[in-house]
Number of protein chains: 2
Amino acid sequence: MEFSIDHLGIAVKSLAAAKSIYEKLGLSVSPEETVEQEKVRLVMVPVGESRLELLEATSDDSTIAKFIAKRGEGLHHVCLRVPDLAVAVAKLKQDGVRLVSEEIKTGAGGYKYVFVHPQSAGGVLLELVESQH
Amino acid sequence: MEFSIDHLGIAVKSLAAAKSIYEKLGLSVSPEETVEQEKVRLVMVPVGESRLELLEATSDDSTIAKFIAKRGEGLHHVCLRVPDLAVAVAKLKQDGVRLVSEEIKTGAGGYKYVFVHPQSAGGVLLELVESQH
């Protein structure tokens, strides 16, 4: 399987409140973890081959706090695993798809990612990572 | 695997525009299909064990048209497969989780579903279906 949903990022006001529904359904919820550079505290909820990432802002100027101020709580982004990220990005650029940043970035864990602008993806902030990750 | 993401419902203004990014990535997109009672036209994009459902309104009074008028294009709902829907719903009710309707409904294809109110799920409209479906 080459394509899959890696995770859904969900912006929430309170991790404690938001994770409760998943615990009630019988899903496992990871311990809370803080990512300083993103100014978020998060928990992961594995669901089949995917994960739900519940994201709570740790500062008013974090991306998640700004998102909630503007749109309210809810789905923030969708992350898909693709077979070859470099090939995918080259193809998208060639076809005039709008990316959030022009180059592939490397995350904290060493994984590579790129964001497609919601304008080019039906209003969805779409993150792409490589399947091997 | 008992839990998984069944599908993500994405409200879009134009199926033709929204499906293009997934075709460019090399994913297969189903033919367009109209669901009269829901007043939507849709395509399915299988992604691993899940699907993306792109939903375009066929009428201004459809749920999808109202959603877009209020929030713009984007993610409309997340559907999870759970091992036993009746057990899950009984548990959620007992715990005071807010459901959109009090009882389990049966969809066009005979599948059973329930919606959890976004207020009880971190701003996400959460649909639950049974894994066997």
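Residues numbered from 1 in each chain as written. Chains lettered and ligands numbered in written order. Predicted model: local features only at pLDDT ≥ 70, side-chain atom pairs only at ≥ 80, totals over all residues. Heavy atoms only, no water.

> Mind laying out the domain arrangement of chain A, listing which residues take part and the relevant values?
When its domains are assigned, chain A resolves into domain 1 (7-76) and domain 2 (83-133). Taking only C-alpha atoms, the centre of domain 1 of chain A and the centre of domain 2 of chain A are 21 Å apart. (Domains from an automatic or database assignment.)

> Go over the pairing of strand E4 (residues 50-57) of chain A, please, and point to the residues and values.
Residues and elements named next belong to chain A. With respect to burial, E4 is a largely interior element, six of its eight residues being buried. Looking at chain direction, strand E1 (residues 4-11) and E4 are connected through five bridges and run parallel. Its bridge partner being in E4, Leu8 is matched across the sheet by Leu52. Of the pairings in the sheet, the one linking strand E3 (residues 40-47) to E4 comprises eight bridges and is antiparallel in character. Directly across from Val45, in E4, lies its bridge partner Leu52. What sits between the antiparallel neighbours E3 and E4 is a turn of two residues, in which Gly48 has the positive phi angle 60°. (Buried < 20%, exposed > 50% of the residue type's maximum accessible area, 1.4 Å probe, protein only. Helix = DSSP H or I, 4+ residues; strand = E, 2+ residues; numbered from the N terminus. Pairing = 2+ DSSP bridges.)

> Please provide a residue-by-residue account of the interface of chain A and chain B, values included.
In this assembly, 40 residues from chain A lie in contact with 40 residues from chain B. Interface area, chain A with chain B, both sides summed: about 3300 Å², of which 73% is carbon and sulfur. Our count for the chain A to chain B interface comes out at six residue pairs in polar contact (both at pLDDT 80 or more). Of the residues that constitute the side of chain A that touches chain B, the class distribution is 26 nonpolar, eight polar and six charged. (Contact = heavy atoms within 4.5 Å. Buried area = accessible area lost by both parts, 1.4 Å probe. Polar contact = N/O pair within 3.5 Å; in protein donor to acceptor, adjacent residues only side chain to side chain. Nonpolar A, V, L, I, M, F, W, Y, C, P; charged D, E, K, R; others polar.)

> Which residues make up the environment of Glu56 of chain A, and what values go with them?
Residues and elements named next belong to chain A. Looking at the secondary structure, you find Glu56 in strand E4. Judged by relative accessible area, which is 11%, Glu56 ranks as buried. On a C-alpha basis, the gap between Glu56 and Glu73 in space is 9.8 Å, while along the polypeptide they are 17 residues apart. Apart from the residues lying within four places of it in its own chain, the contact partners of Glu56 are Val12, Lys13, Ser14, Leu15, Lys39, Val40, Arg41 and Ile64. Within the structure, the side chain of Glu56 is placed 2.8 Å from the backbone nitrogen of Leu15, a separation counted as a polar contact.

> Outline the nonpolar core, listing residues and values.
Nonpolar side chains in soluble globular proteins generally cluster together in the buried interior. Ranked by size, the top nonpolar core spans 64 residues in total, and within it Tyr22 and Leu128 of chain A together with Tyr22 and Leu128 of chain B carry the most contacts. In terms of residues, this core owes the most to one element, helix H1 (residues 15-25) of chain A, which gives five residues. In terms of domain composition, this core takes at least three residues from each of domain 1 (7-76) and domain 2 (83-133) of chain A. Beyond its immediate stretch of four places on either side in the chain, Leu128 of chain B contacts Leu25 of chain A together with Leu80, Val82, Leu85, Leu92, Lys112, Tyr113, Val114 and Val116 of chain B. (Core = buried A, V, L, I, M, F, W, Y, C linked by side-chain atoms within 4.5 Å.)

> Break down the pattern of salt bridges for me, with residues and values.
Residue and element names in this part refer to chain A. Summed over all chains, the structure comprises 16 salt bridges over all chains. Salt-bridge contacts for Arg41 lead to Glu32; the nearest nitrogen and oxygen are separated by 3.9 Å. The class for Glu32 is partly exposed, based on a relative accessible area of 43%. (Salt bridge = Lys/Arg side-chain N within 4 Å of Asp/Glu carboxyl O.)

> How would you summarise the packing of H1 of chain A against helix H3 (residues 85-94) of chain B if you had to cite specific residues and measurements?
One way to put it is that H1 of chain A packs onto H3 of chain B with a least axis distance of 9 Å and a crossing angle of 135°. Taken together, the axes of H1 of chain A and H3 of chain B lie oblique to each other. In this structure, H1 of chain A crosses over H3 of chain B, and the sense of that crossing is right-handed. Where H1 of chain A abuts H3 of chain B, its residues Ile21, Lys24 and Leu25 of chain A lie against Ala88, Lys91 and Leu92 of chain B. (Axes fitted to C-alpha atoms, helices over the stretch in contact; angles between N-to-C directions. Parallel < 35°, antiparallel > 145°, perpendicular 65-115°, else oblique. Left-handed = near helix turned anticlockwise from the far one by under 90°.)

> Any details on the relation of the copies chain A and chain B? Residues and values, ideally.
For the match of chain A to chain B, the screw axis carries a shift of 0.0 Å, the RMSD comes to 0.0 Å, and the turn is 180°. Interpreted geometrically, this transformation is the action of a two-fold axis. The position closest to the rotation axis in chain A is occupied by the C-alpha of Leu75 of chain A, lying 3.4 Å away. Taken as a fraction of all interface residues of chain A, those also at the interface in chain B reach 100%, which identifies the copy contact as same-surface. (Least-squares fit on C-alpha atoms with pLDDT ≥ 70 in both.)

> With reference to specific residues and values, describe the side chain of Asp6 of chain A.
Residues and elements named next belong to chain A. With respect to the secondary-structure elements, Asp6 resides in strand E1. By relative accessible area, Asp6 is classed as buried at 3%. Looking at Asp6, its side chain comes within polar contact range of the side chain of Arg81, at 2.8 Å.

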